[in-house]
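Structural features, examined
Now for the letters of each chain:
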Amino acid sequence: MSLTYTAFCDHVAEVRSRIAESCARAGRNPAEVRLLPVTKTQPPEVVQFVVQHGGFEAVGENRVQETAEKRPRVAGGLRWELIGHLQSNKARQAVELFERIQSVDRDKVLIALDRAAGEQGRRLAVLLQVNAGNDPAKFGVDPEAAPALLEQALQLPHLRVEGLMTIAPLSDDPTVARRTFARLREIRDALVKRFDLPLNELSMGMSGDLDAAIAEGSTLVRVGSALFGARG
Ligand SMILES: *Cc1c(COP(=O)(O)O)cnc(C)c1O
């Protein structure tokens, strides 16, 4: 394990000051933007640093199987959130492992999650993942189809939709990410108006583009490499 606890704490301080600067530029209160450490590919010892640090409630993981192996080996009361693509045949296991699922992008997955949550006697928190950058390489419901997906989610008694998530397209042009995040906020605002309900969480921004995401209203930045170093 090459990352030390001290180095991790230094990285947390750096990312938090980046968040504070972005909030200051955007005229936002830094308390409105939470930091979700993304621990995919990191060993349980490193996830334990997140617990030890004390400043976090949750971590993000992108694979069901990896989390099934890792979560039992991490002590302490973290919440685990799924941020990676989910197949409906893994829904039951995902509901057992995660407190919230951010990557819900089609009706088949919605229905499978609702059924599994019902069987486990839970109401599962979810975000709808929207392909706000219209990137053929990304998962996520198309912006035009988001209202229908939300309408369906609202009929499912064991799910609670808390907001939206997006991943910006990879691009050398920084305005691409910024436009994607602005688009997600507009989609959210339109859905709130149309369905008359709160969708407070806007999960957008990663190590490379969190500043643009905060400028456009992100409430949750998902950060891996800036906290844990580059993934192998
Ligand atoms: C890996 C990942 C992140 C974190 O990416 P970094 O560039 O390492 O900060 C955020 N969101 C999702 C969905 C991811 O898969």
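The structure under discussion appears in the preceding block.
Residues numbered from 1 in each chain as written. Predicted model: local features only at pLDDT ≥ 70, side-chain atom pairs only at ≥ 80, totals over all residues. Heavy atoms only, no water.

**Points about the environment of T180**
Rules: Elements are defined by DSSP. Helices are runs of H or I of four residues or more, strands are runs of E of two residues or more, and each kind is numbered from the N terminus. Type-normalised accessible area, obtained with a 1.4 Å probe on protein chains alone, sets the label of each residue: buried when under 20%, exposed when over 50%, and partly exposed for intermediate values. Working rule for contacts: check all heavy atoms of both residues, and any pair within 4.5 Å makes them a contact.
Tracing the chain through its elements places T180 in helix 7 (residues 174-195). Using a relative accessible area of 4% as the deciding quantity, one classes T180 as buried. When the C-alpha positions of T180 and A168 are compared, they lie 6.0 Å apart, and in sequence the two are twelve residues distant. Non-local contacts of T180, meaning those with residues more than four positions away in its chain, are made with A132, G133, T166, A168 and P169.

**Notes on the packing of aromatic side chains**
So the rule is basically this: Note on aromatic contacts: the rings of Phe and Tyr and the six-membered ring of Trp form a pair at centre separations within 6.5 Å, being stacked when their planes are under 30 degrees apart, edge-to-face when over 60 apart, and tilted otherwise.
This structure, assessed with the given rule, holds three aromatic pairs. Here the aromatic rings of F8 and F49 are separated by 6.2 Å at their centres, their planes lie at 35°, and the arrangement is tilted. Of the two residues, F8 sits in helix 1 (residues 5-26) while F49 sits in helix 2 (residues 44-53), which places them 41 residues apart along the sequence. The exposure class of F49 is buried, given its relative accessible area of 9%. Each ring, one from F8 and one from F228, has its centre 5.4 Å from the other, and the planes form 15°; the classification is stacked. Of this pair, F8 sits in helix 1 while F228 is found in helix 9 (residues 225-228), placing the two residues 220 residues apart along the sequence. Given the relative accessible area of 0%, F8 is considered buried. Ring pairing ties together the aromatic residues Y5, F8, F49 and F228, which thus form one cluster.

**Focus on the packing of helix 6 (residues 146-154) against helix 7**
What counts is decided by this rule: Geometry is summarised by axes, namely lines fitted to C-alpha atoms with helices restricted to the contacting stretch, and by angles between N-to-C directions that run from 0 to 180 degrees. For classification, angles of less than 35 degrees are called roughly parallel, those exceeding 145 degrees roughly antiparallel, those between 65 and 115 degrees roughly perpendicular, and all remaining angles oblique. Handedness of a crossing is defined here by the sense of rotation of the near helix relative to the far one, left-handed for an anticlockwise turn of less than a right angle and right-handed for a clockwise turn. Each residue is assigned to one of three groups, with Ala, Val, Leu, Ile, Met, Phe, Trp, Tyr, Cys and Pro labelled nonpolar, Asp, Glu, Lys and Arg labelled charged, and all others, Gly among them, labelled polar.
With their axes 11 Å apart at the nearest point, helix 6 and helix 7 run at an angle of 50° to one another. Taken together, the axes of helix 6 and helix 7 lie oblique to each other. Of the two elements, helix 6 crosses helix 7, and the hand of that crossing is right-handed. For the pair formed by helix 6 and helix 7, the contact residues are A146, P147, L150, E151 and L154 on the first element and I187, L191, R194 and F195 on the second. Considered class by class, the residues forming the contact of helix 6 with helix 7 number seven nonpolar, no polar and two charged.

**Thoughts on the site of the ligand**
Let me state the cut-off plainly: Definition of nearness: a residue and a molecule or strand are near each other if at least one heavy atom of the residue lies within 4 Å of the molecule or strand. Each polar contact in these results corresponds to two N or O atoms within 3.5 Å; when the atoms are within protein, one needs to be able to donate a hydrogen and the other to accept it, and residues that are neighboring in sequence are counted only if both atoms are side-chain atoms. Computed with the Shrake-Rupley method and a 1.4 Å probe, the accessible areas treat only the protein chains shown as cover for residues.
The environment of the ligand is made up of V38, K40, I83, I167, M206, S207, R222, V223, G224, S225 and R231. A distance of 2.9 Å is found between a nitrogen atom of the ligand and a side-chain nitrogen or oxygen belonging to R222. One of the backbone nitrogen or oxygen atoms of S225 is found 2.8 Å away from an oxygen atom of the ligand. Taking 390 Å² as the accessible area of the ligand by itself, protein coverage stands at 89%. Residue classes in the shell around the ligand are distributed as five nonpolar, three polar and three charged.

**Quick word on the pairing of strand 2 (residues 58-61)**
The following threshold applies: Strands pair, by our definition, only if DSSP identifies at least two bridges between them. Seen with its strands pointing away from the viewer, a crossover is right-handed when the path leading from the first strand over the helix to the second is clockwise.
Neither face of strand 2 is exposed, since A58 and G60 on one face and V59 and E61 on the opposite face are all buried. Of the pairings in the sheet, the one linking strand 2 to strand 3 (residues 79-82) comprises four bridges and is parallel in character. Looking at the pairing, G60 lines up with E81 of strand 3. Crossover strand 2 to strand 3 through helix 3 (residues 64-70) is right-handed.

**Digging into helix 1**
The following threshold applies: Here a helix's expected span is defined as the number of its residues, less one, multiplied by 1.5 Å. Within this analysis, the arc is defined by the directions that extend from the helix axis to the C-beta atoms.
Between its first and last C-alpha, helix 1 extends 31 Å over 22 residues, near the 32 Å set by a 1.5 Å rise per residue. Taken together, the buried positions of helix 1 are occupied by F8, V12, V15, I19, S22 and C23. Around the axis of helix 1, the buried residues are gathered within 100° of arc, so they sit on the same side. In helix 1, the exposed positions angled more than 90 degrees off the buried face are occupied by T6, A24 and R25. For helix 1, the secondary structure elements touched by its buried residues are strand 1 (34-37), helix 2, helix 8 (210-215), strand 8 (220-223) and helix 9. Backbone geometry just after helix 1 places G27 at a positive phi near 65°.

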